[in-house]
Amino acid sequence: FEKAVLEPAFSQTYANLCKIMSSIKFPGEQQKISPFRKTLLNRCQKEFFREKTDEEAVLKKIDELNARTDLTENQRTIEMEDLLYQRSKLKKKMLGNINFIGELFNLGMLSSKIILTQCIVNLLGKRDQQGKVDDEVVECLSKLYTTVGKKLEDECNDEVKKNMFDKTWNEFKGLAIDA
């Protein structure tokens, strides 16, 4: 999982590998969903929702650092660089996870309902105090739509899914107008 997330250029390959591994049945296994697939999808979900908490923790540390008066300018700069580096790593991990989730969807390991209701709606709901969507969230949505857009639109064949797809797509397009 870590390799798939941290090496987004190979996420399609890792997703294919995961698809093959999840199709392997062991003697005596009666479960409809393979334990590997269940564990993988749980990990993707856990990472997806944990990223927001991790991001908030780093932003809180940045605010605390800016409020401190007991540091020299050099100490403040060093600590700020460290926090910005942590934030950059979180962003890379978040984009990698989004890309990997998209590749799993393209291989049929995730449903369109999960992509729409869990991923896209959740990302569109991430707003700051002024109601603005962070640039990183827009980047994640762009990556997700680029990865899954055509297949997702094709799979939204019933009225409910089609309406949800149209609503989220229009909201996403509206982000560009607001920027």
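My aim in this report is to walk through the structure given alongside it, one point at a time. Going along each chain's sequence as written, the residues are numbered from 1 onward. pLDDT decides what is reported in this predicted model: residues at 70 or higher carry local features, side-chain atom pairs at 80 or more are listed and counted, and totals for whole chains, interfaces and linings draw on all residues regardless. Only hydrogens and water are removed before side-chain values are computed, so all heavy atoms of the structure are retained for them.

A separate point is the overall build of the protein chain. Secondary structure elements follow DSSP: runs of H or I of four or more residues count as helices, runs of E of two or more count as strands, with numbering from the N terminus. A count of helices and strands for the protein chain gives 7 helices and 0 strands. Remark: exposure states derive from per-residue accessible area (1.4 Å probe, protein chains only) relative to the maximum for the residue type, with buried under 20%, exposed over 50%, and partly exposed in between. Within the protein chain, buried positions represent 34% of all 179 residues. It only takes one pair of heavy atoms within 4.5 Å for two residues to be counted as in contact. Contacts in the protein chain between residues at least 24 apart in sequence constitute 71% of all its contacts with a sequence separation of at least 6. Accessible surface area values rest on a Shrake-Rupley calculation with a 1.4 Å probe, where residue burial reflects the displayed protein chains alone. For the protein chain, the computed accessible surface area is about 11,100 Å², with 55% contributed by carbon and sulfur atoms. In the protein chain, the 30 positive side-chain charges and the 29 negative ones have mean positions that sit 6 Å from each other. Counted charges follow a simple rule, with Lys and Arg positive, Asp and Glu negative, and His plus the chain ends left uncounted. Lys charges are placed at NZ, Arg charges at CZ, Asp charges at CG and Glu charges at CD.

Pairing of aromatic side chains requires ring centres within 6.5 Å, counting the rings of Phe and Tyr and the six-membered ring of Trp. Pairs whose planes differ by under 30 degrees are stacked, by over 60 edge-to-face, and all others tilted. This structure, assessed with the given rule, holds 6 aromatic pairs. When the centroid spacing of 6.1 Å and the interplanar angle of 75° are considered together, the rings of Phe1 and Phe100 count as edge-to-face. One end of the pair, Phe1, is in the segment before helix H1 (2-6); the other, Phe100, is in helix H4 (residues 73-106), and 99 residues separate them in sequence. The exposure class assigned to Phe1 is partly exposed, which follows from its relative accessible area of 23%.

Okay, the environment of Asn122 next. Relative to the assigned elements, Asn122 resides in helix H5 (residues 112-124). Judged by its relative accessible area of 23%, Asn122 falls in the partly exposed class. Residues Asn122 and Leu6, spaced 116 residues apart in sequence, show a C-alpha to C-alpha distance of 22 Å. Setting aside its immediate chain neighbours within four residues, Asn122 contacts Phe48, Phe49 and Thr117.

Attention now goes to the pattern of salt bridges. Any carboxyl oxygen of Asp or Glu that lies within 4 Å of a side-chain nitrogen of Lys or Arg is treated as forming a salt bridge with it. Enumeration over the complete set of coordinates arrives at 14 salt bridges. As a salt-bridge pair, Arg50 and Glu47 come within 3.1 Å of each other at their nearest N and O atoms. Taken together, the positions of Arg50 and Glu47, both in helix H3 (residues 35-67) and 3 residues apart, correspond to about one turn of that helix. Of the residues examined, Arg50 reaches a relative accessible area of 33% and is grouped as partly exposed. Judged by its relative accessible area of 2%, Glu47 falls in the buried class.

Among all positions of H5, only Ser112, Ile115, Leu116, Cys119, Ile120, Leu123 and Leu124 are buried. Buried residues of H5, seen end-on, are gathered within an arc of 130° and therefore sit on one face of the element. What the arc covers is the set of directions going from the helix axis to the C-beta atoms.

Turning to the packing of H4 against helix H6 (residues 135-155), a few remarks are in order. Angles shown run from 0 to 180 degrees and are taken between the N-to-C directions of axes, each axis being a line fitted to C-alpha atoms and, for helices, limited to the stretch in contact. The interhelical angle for the contact between H4 and H6, taken along N-to-C directions, is 0°, at an axis separation of 9 Å. One way to sum up the angle between H4 and H6 is to call them roughly parallel. Contact residues: Arg87, Lys91, Met94, Leu95, Ile98, Asn99, Gly102, Glu103, Phe105 and Asn106 in H4; Glu136, Glu139, Cys140, Lys143, Leu144, Thr147, Val148, Lys151, Leu152 and Glu155 in H6. Residue classes follow a fixed rule: Ala, Val, Leu, Ile, Met, Phe, Trp, Tyr, Cys and Pro count as nonpolar, while Asp, Glu, Lys and Arg count as charged, and any other residue, Gly among them, counts as polar. Taken together, the residues that form the contact of H4 with H6 break down as 8 nonpolar, 4 polar and 8 charged. When an angle is under 35 degrees it counts as roughly parallel; over 145 it counts as roughly antiparallel; between 65 and 115 it counts as roughly perpendicular; any other value is oblique.

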